[in-house]
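Summary of the model geometry
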Amino acid sequence: MKIAVIGQSLFGQEVYCHLRKEGHEVVGVFTVPDKDGKADPLGLEAEKDGVPVFKYSRWRAKGQALPDVVAKYQALGAELNVLPFCSQFIPMEIISAPRHGSIIYHPSLLPRHRGASAINWTLIHGDKKGGFSIFWADDGLDTGDLLLQKECEVLPDDTVSTLYNRFLFPEGIKGMVQAVRLIAEGKAPRLPQPEEGATYEGIQKKETAKINWDQPAEAIHNWIRGNDKVPGAWTEACEQKLTFFNSTLNTSGLVPEGDALPIPGAHRPGVVTKAGLILFGNDDKMLLVKNIQLEDGKMILASNFFKGAASSVLELTEAELVTAEAVRSVWQRILPKVLEVEDSTDFFKSGAASVDVVRLVEEVKELCDGLELENEDVYMASTFGDFIQLLVRKLRGDDEEGECSIDYVEMAVNKRTVRMPHQLFIGGEFVDAEGAKTSETINPTDGSVICQVSLAQVTDVDKAVAAAKDAFENGRWGKISARDRGRLMYRLADLMEQHQEELATIEALDAGAVYTLALKTHVGMSIQTFRYFAGWCDKIQGSTIPINQARPNRNLTLTRKEPVGVCGIIIPWNYPLMMLSWKTAACLAAGNTVVIKPAQVTPLTALKFAELTLKAGIPKGVVNVLPGSGSLVGQRLSDHPDVRKIGFTGSTEVGKHIMKSCAISNVKKVSLELGGKSPLIIFADCDLNKAVQMGMSSVFFNKGENCIAAGRLFVEDSIHDEFVRRVDFLQVEEVRKMKVGNPLDRDTDHGPQNHHAHLVKLMEYCQHGVKEGATLVCGGNQVPRPGFFFEPTVFTDVEDHMFIAKEESFGPVMIISRFADGDLDAVLSRANATEFGLASGVFTRDINKALYVSDKLQAGTVFVNTYNKTDVAAPFGGFKQSGFGKDLGEAALNEYLRVKTVTFEY
């Protein structure tokens, strides 16, 4: 069709471009005159394509259409007028001229909110549903017959910008193109608008945007968000006019403690807190405002209202000064009427409009290697000097994203002061749990309380998932390049390395990990994991696939590997930081966002990790951490319809329950690393000294709290007695010489068990062994000292039917059994006679035997003449009821990706 496009703005530009792509001939574009020497984007785009562009300041005079304008329009021969966004009044001589008439886009569900400022009024009235209408133009005000409507949910904290960017802009463009397609096909309906429910509201202006305080908190919130950037909801306080932005009703956990801000007419004074300005409705309920514009036009964080101007001004490096001058040139191009851009030059007072904000953000992105600014950043730093300070902070990685109000618990320990966050981490902020619920986290070394940690509730899970979903769908995380994602992960790994002593100290305090081991393994391998997966970010690739051609045409089929979305990660207590890292690093490298539930008994390193993600510049909402119980937090994550993947490490019993919940809820993807009873087979032809030492390590490493610990040692008959003798005279002496004590002491070999309930379980486990007739060589009891210490334990003469031969201890308990000389298949049968299949091991000098055994053992990992040798590049995971899916290595990425097939015909 021959189409005339009448309108303006980026929206008009996109509709114009899409109509041309659809094959329509745009015969002319009518837009607004240049403003301050700048052309409207729609006109600019059309001029590039050689399409006639007309810029009329008016179409009528004294109620009559201008003949010259009408003549030039009629000469184009348009068959349809498309008005995507038009602020001018177009005469009926133009509207009715084309064969198909005219269609108009309106950002509300007509007949509701006819007139201007429709999006604003959708929010001001607290509508739960919003959307847009495309209608046939008539001589009324937005009263023409409906052609097409699409609706969306209005979220509680939506603003004009978020609603427009999330739905009205992208879906509106598609809607306009769809409407034109229906007209071209002769299928476009004309549905008369009902008058029932019709509303008309005028343009919102600054003088009418004053806040009425005599209404509920929700109505005040709706008024603030509805008035948005323009005109801005305002009140008088502190002898000046204050305009409020970024309002939310999400005040869970906020305590109205801070500096009072008296507001004339308000039900109660406002309170300036570290989270922002708390306001009250006449129903005594709270809302929170995060940004305030002062009367001089300066935008500040509401939390800084009484702090005055920021005292710290960055001193720029030579390279940063070069960048600043390049940005100054960008400002000069956008603001042609400004003779010289100085530090005091205000972007908006110099004539910039909202479209210029988009241009500035995009030009800075190109200039600064893809740096993502938000439109909000320009409003918050509207003078050139402030803008450069904000920009440099972001380039350095220490911008407001990395600054967060944190209520630390501080302890002087291990010759340092450790600072530990203890609240939930949701959407980039540390907050209290719903109802201010907390639980104690205990130091297993002496049983003392380290601190109270916020205990997440179901509503907190919903908030965290919502934050993760928003970050995935709308945030910067999904927009940056894969290489930039890797850069942020490398920065996070560097920060973990800078804080490795603090992290290892917290692991020792909270989990009882021996400090030297925590430094090397718990923390050291966590750092390696993030560096490894950071390198994978820009190497996640699909493939092209040859398929049968649809002759005479041809086909191209390709696959894309895409992130799955919001992931829930539920981690155990034995390696709190390392298990978090194994899963989270792969999850983030794939481009997902995550809600992490650490074990309730060991939450502190996960919360410290959350703090480091902020310092690394990882966008808010990408990582969320919820300490809490499995029955509440873990269950809700498994059930939540917006969570698309669960990664779990823990018991087989709980893993089965999670798998069932994942299936029933929304068939979410799941990977499980569950229980183990890993066999270690020691053949007569082994290096016996090495086998004894490695056998000891396979059991007692990390106090036996090791998912792949050798749960049962099978020793060949001809060396069994010698092996036991060496256990009696060598290994037992080594066990007795182990220093059991404070995990922060550098000479400690064996720290406390993780928590009291586990200690009790270990004592009951050993009692089973003694009762069934196994020989207790040493250990089996709690160490008589404060804390949760358990003696390293050795059992011999263990028969296959015994409880301790079949069940996992998850503690420092060595189980030794014998097998007949040369009876290879029999010992393999015994080793495989378990529903677990996480790991296994074999000691032999015979390479053929080693290969045969490794082939037959039913376990996800087989160690040959070594044990506990894991690496970030080697996939890790179990068989049978030890679970499925992999951590580490390239295989782990596939757990957090989905494959999409795309087929073209040409």
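All values derive from a computational prediction rather than experimental measurement.

Helix and strand counts for the protein chain come out as 26 helices and 40 strands. Dimensions of the protein chain along its principal axes, counting C-alpha atoms only, are 115 × 75 × 60 Å. Taken over 906 residues, the protein chain has a buried fraction of 55%. Expressed as a percentage of contacts within the protein chain between residues at least 6 apart in sequence, the contacts between residues at least 24 apart total 70%. In the structure as shown, the protein chain presents an accessible area of about 38,100 Å², 51% of it carried by carbon and sulfur atoms.

This brings us to the environment of Leu674. Mapped onto the secondary structure, Leu674 falls in the loop between β29 (669-673) and β30 (678-682). Residue Leu674 is classed as buried on the basis of its relative accessible area of 6%.

What follows concerns unusual backbone geometry. Omega for the bond connecting Leu110 with Pro111 falls within 30 degrees of zero, at 15°, which places this linkage in the cis form. Inspection of the secondary structure assignment puts Pro111 in the loop between β7 (102-106) and α5 (118-124). Cis rather than trans, the peptide bond between Arg551 and Pro552 has omega equal to 10°. Within the secondary structure layout, Pro552 lies in the loop between β23 (544-545) and β24 (555-563). A positive phi angle, close to 70°, is found at Asp284, a residue other than glycine. The topology assignment puts Asp284 in the loop between β14 (276-280) and β15 (286-293). When its relative accessible area of 42% is taken as the criterion, Asp284 is described as partly exposed. Although it is not a glycine, Asn865 adopts a positive phi angle of roughly 55°.

With that settled, the discussion passes to the pattern of salt bridges. Applying the stated rule across the entire model yields 41 salt bridges. For Lys174, the salt bridge identified is with Glu171, shortest N-O distance 3.3 Å. Taken as a pair, Lys174 and Glu171 lie in helix α6 (residues 160-184) at a separation of three residues, close to a single helical turn. One salt bridge in this structure joins Lys463 and Glu434, with 3.5 Å as the shortest N-O distance. Here Glu434 lies in the loop between β20 (429-431) and β21 (438-443) and Lys463 lies in helix α12 (residues 458-473), a separation of 29 residues in the sequence. Residue classification places Lys463 among the partly exposed positions, given a relative accessible area of 23%. Overall, Glu434 belongs to the partly exposed group, its relative accessible area being 32%. One network of salt bridges, in which partners are shared, links Glu502, Lys608, Glu611 and Lys615.

A separate point is the sheet that holds strand β34 (residues 813-819). Taking strand neighbours across the sheet as the criterion, the seven strands line up as β32-β33-β34-β31-β30-β36-β37 in an open arrangement whose pairing is mixed. Here the strands that pair on one side only, and so sit at the sheet edges, are β32 (775-778) and β37 (861-864). Between one strand and the next, the sheet's axes are offset by a mean angle of 20°, whatever the strand orientation. Bridging between strand β31 (residues 710-716) and β34 involves four bridges; their strand directions are parallel. Directly across from Leu713, in β34, lies its bridge partner Ile816. Sheet strands in contact with helix α20 (residues 688-700) are β30, β31, β33 (793-796), β34 and β36 (839-843), and its direction is about 135° off that of β34. In this fold helix α22 (residues 756-771) packs onto β32, β33 and β34, with an angle of close to 25° to the strand it touches most, β33.

Before going further, it helps to spend a moment on the side chain of Thr445. Mapped onto the elements of the fold, Thr445 is located in the loop between β21 and β22 (448-454). For Thr445, a relative accessible area of 10% gives the class buried. If we skip the residues at most four places from it in the chain, Thr445 touches Asn742, Pro743, Pro752, Arg785, Pro786, Gly787 and Phe789.

In the contact formed by helix α15 (residues 515-536) and helix α16 (residues 576-589), the axes pass within 8 Å of each other and the chain directions differ by 5°. Relative to α16, the element α15 is oriented roughly parallel. Between α15 and α16, the contacting residues are Thr521, His522, Val523, Met525, Ser526, Thr529, Phe530 and Phe533 on the first element and Pro576, Leu577, Met578, Ser581, Trp582, Thr584, Ala585, Ala586, Leu588 and Ala589 on the second. Residue classes in the contact of α15 with α16 are distributed as twelve nonpolar, six polar and no charged.

Let us now look at α16. Its 14 residues place the ends of α16 20 Å apart at the C-alpha level, agreeing with the 20 Å of an ideal helix rising 1.5 Å per residue. The buried fraction of α16 amounts to 14 of the 14 residues, a majority that puts the element mostly inside the structure. Positive phi appears at Gly591, one or two residues downstream of α16, with a value of about 100°.

Okay, the packing of aromatic side chains next. Enumeration according to the criterion identifies 24 aromatic pairs in this entry. Arranged with centres 5.4 Å apart and planes meeting at 85°, the rings of Trp573 and Phe810 form a pair that is edge-to-face. With Trp573 in the loop between β25 (566-570) and α16 and Phe810 in the loop between α23 (803-806) and β34, the pair connects residues that are 237 residues apart, well separated along the chain. Judged by relative accessible area, Trp573 falls into the buried class, the value being 18%. The exposure class assigned to Phe810 is buried, which follows from its relative accessible area of 16%.

Reading the values: the criteria
Residues numbered from 1 in each chain as written. Predicted model: local features only at pLDDT ≥ 70, side-chain atom pairs only at ≥ 80, totals over all residues. Heavy atoms only, no water. Helix = DSSP H or I, 4+ residues; strand = E, 2+ residues; numbered from the N terminus. Buried < 20%, exposed > 50% of the residue type's maximum accessible area, 1.4 Å probe, protein only. Contact = heavy atoms within 4.5 Å. Areas by Shrake-Rupley, 256 points an atom, 1.4 Å probe, with all protein chains shown as cover. Salt bridge = Lys/Arg side-chain N within 4 Å of Asp/Glu carboxyl O. Pairing = 2+ DSSP bridges. Axes fitted to C-alpha atoms, helices over the stretch in contact; angles between N-to-C directions. Parallel < 35°, antiparallel > 145°, perpendicular 65-115°, else oblique. Nonpolar A, V, L, I, M, F, W, Y, C, P; charged D, E, K, R; others polar. Expected span 1.5 Å × (residues − 1). Phe/Tyr/Trp six-rings, centres within 6.5 Å; stacked < 30°, edge-to-face > 60°.

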